[in-house]
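Structural overview
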Amino acid sequence: MGKRIFNLLLAVAVFLLCSTVVKAEGEYVFVRQWPEEIMGLREPAGVAVDNSGNVYVADRDNHRIQKFDSEGTFKIQWGNYGWDPGQFRGPAGICVDSSGNVYVADTWNDRIQKFDSEGTFKIQWGTEGWDPGQFR
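Residues numbered from 1 in each chain as written. Predicted model: local features only at pLDDT ≥ 70, side-chain atom pairs only at ≥ 80, totals over all residues. Heavy atoms only, no water.

Topic: the overall build of the protein chain
For the protein chain, the count of helices and strands is two helices and ten strands. Along its sequence from the N terminus, the protein chain presents helices and strands in the succession α-α-β-β-β-β-β-β-β-β-β-β. Per-residue burial over the protein chain gives 42% buried out of 136 residues. (Helix = DSSP H or I, 4+ residues; strand = E, 2+ residues; numbered from the N terminus. Buried < 20%, exposed > 50% of the residue type's maximum accessible area, 1.4 Å probe, protein only.)

Structure (structure tokens):
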């Protein structure tokens with residue numbers, strides 16, 4: 001139960017870090033669906049869009065981040081299963097700040113990782129535990 005609460009709070013924290021509230025009015029129209037077989041997604045757990053319209057997907061079961069243009073064309077991916085910087089164990093929450101930095105909630109590694117828009121690792125913080133600065 002504690003891990004589920006942590007994951008929820010972590011996802012909310014990442015969302016709040018990078019969110020901008022926009023009120024949309026009117027009707028919504030379905031535009032398109034990207035074919036899953038092209039992307040190879042396995043349990044996509046988070047999505048974020050940068051100022052240029054690029055779409056970042058936290059591909060949880062593949063332990064990676066995938067980047068697409070606004071039309072769904074694949075651009076780049078980074079990460080794989082592991083504990084080292086730039087590796088993931090179930091990435092879930094993802095957001096992009098106004099400078100194009102990508103923040104990923106690396107769920108089972110109990111940390112947040114920061115990357116540039118091309119997937120270059122910048123910094124990480126958090127460890128497993130109950131103290132301030134730790135995640136569980």
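Additional details are given in the paragraphs that follow.
Some remarks on the side chain of Asp59
With respect to the helices and strands, the residue Asp59 is situated in strand β2 (residues 55-59). Within the local environment of Asp59, its side chain forms a polar contact with the side chain of Arg64, the two groups lying 2.8 Å apart. Leave out the neighbours within four places in its chain, and Asp59 touches Gly40, Leu41, Arg42, Glu43, Arg64, Gln66 and Pro91. (Polar contact = N/O pair within 3.5 Å; in protein donor to acceptor, adjacent residues only side chain to side chain. Contact = heavy atoms within 4.5 Å.)

Section: the pairing of strand β6 (residues 102-106)
Within a regular strand, side chains alternate between the sheet's two faces. Counting buried positions along β6 yields five of five residues, so the element is predominantly enclosed. Burial along β6 is two-sided: the residues Val102, Val104 and Asp106 and Tyr103 and Ala105 are all buried. In this structure, strand β5 (residues 91-96) lies alongside β6, joined through four bridges in antiparallel fashion. Along β6, the bridge assignment pairs Ile94 with Val104. The antiparallel hairpin formed by β5 and β6 contains five residues in its connecting segment, where Gly100 sits at a positive phi of about 90°. Of the strand pairs in this sheet, β6 and strand β7 (residues 111-115) are connected by five bridges, and their pairing is antiparallel. Along β7, the bridge assignment pairs Val104 with Gln113. (Pairing = 2+ DSSP bridges.)

Observations regarding the packing of aromatic side chains
The tally for this structure, following the rule as stated, stands at seven aromatic pairs. Taken together, a centroid distance of 5.7 Å and an interplanar angle of 50° make the contact between Phe88 and Phe115 tilted. Placement of the pair is Phe88 in the loop between β4 (74-78) and β5 and Phe115 in strand β7, with a sequence separation of 27 residues. Assigned by exposure class, Phe88 and Phe115 land together as buried. Look at Tyr103 and Trp125: their rings are 6.3 Å apart centre to centre, the planes differ by 65°, and that puts the pair in the edge-to-face class. Of this pair, Tyr103 sits in strand β6 while Trp125 sits in strand β8 (residues 121-125), and the two are 22 residues apart along the sequence. By relative accessible area, Tyr103 is classed as buried at 11%. Here the aromatic cluster, defined as three or more aromatic residues joined through ring pairs, consists of Tyr56, Trp78, Phe88, Phe115 and Phe121. (Phe/Tyr/Trp six-rings, centres within 6.5 Å; stacked < 30°, edge-to-face > 60°.)

Here we look at the sheet that holds strand β3 (residues 64-68)
Within a beta sheet, neighbouring strands are joined by backbone hydrogen bonds and run either parallel or antiparallel to one another. Taken together, four strands build an open sheet; the order of strands is β1-β2-β3-β4 and the sheet is antiparallel. Sheet topology places β1 (44-49) and β4 at the edges, where each strand pairs with a single neighbour. This sheet shows a mean twist of 20° between the axes of neighbouring strands, independent of strand direction. In this sheet, β4 lies alongside β3 in antiparallel orientation, the contact comprising four bridges. In the strand pairing of β4, Gln66 is matched with Gln77. (Axes fitted to C-alpha atoms, helices over the stretch in contact; angles between N-to-C directions.)

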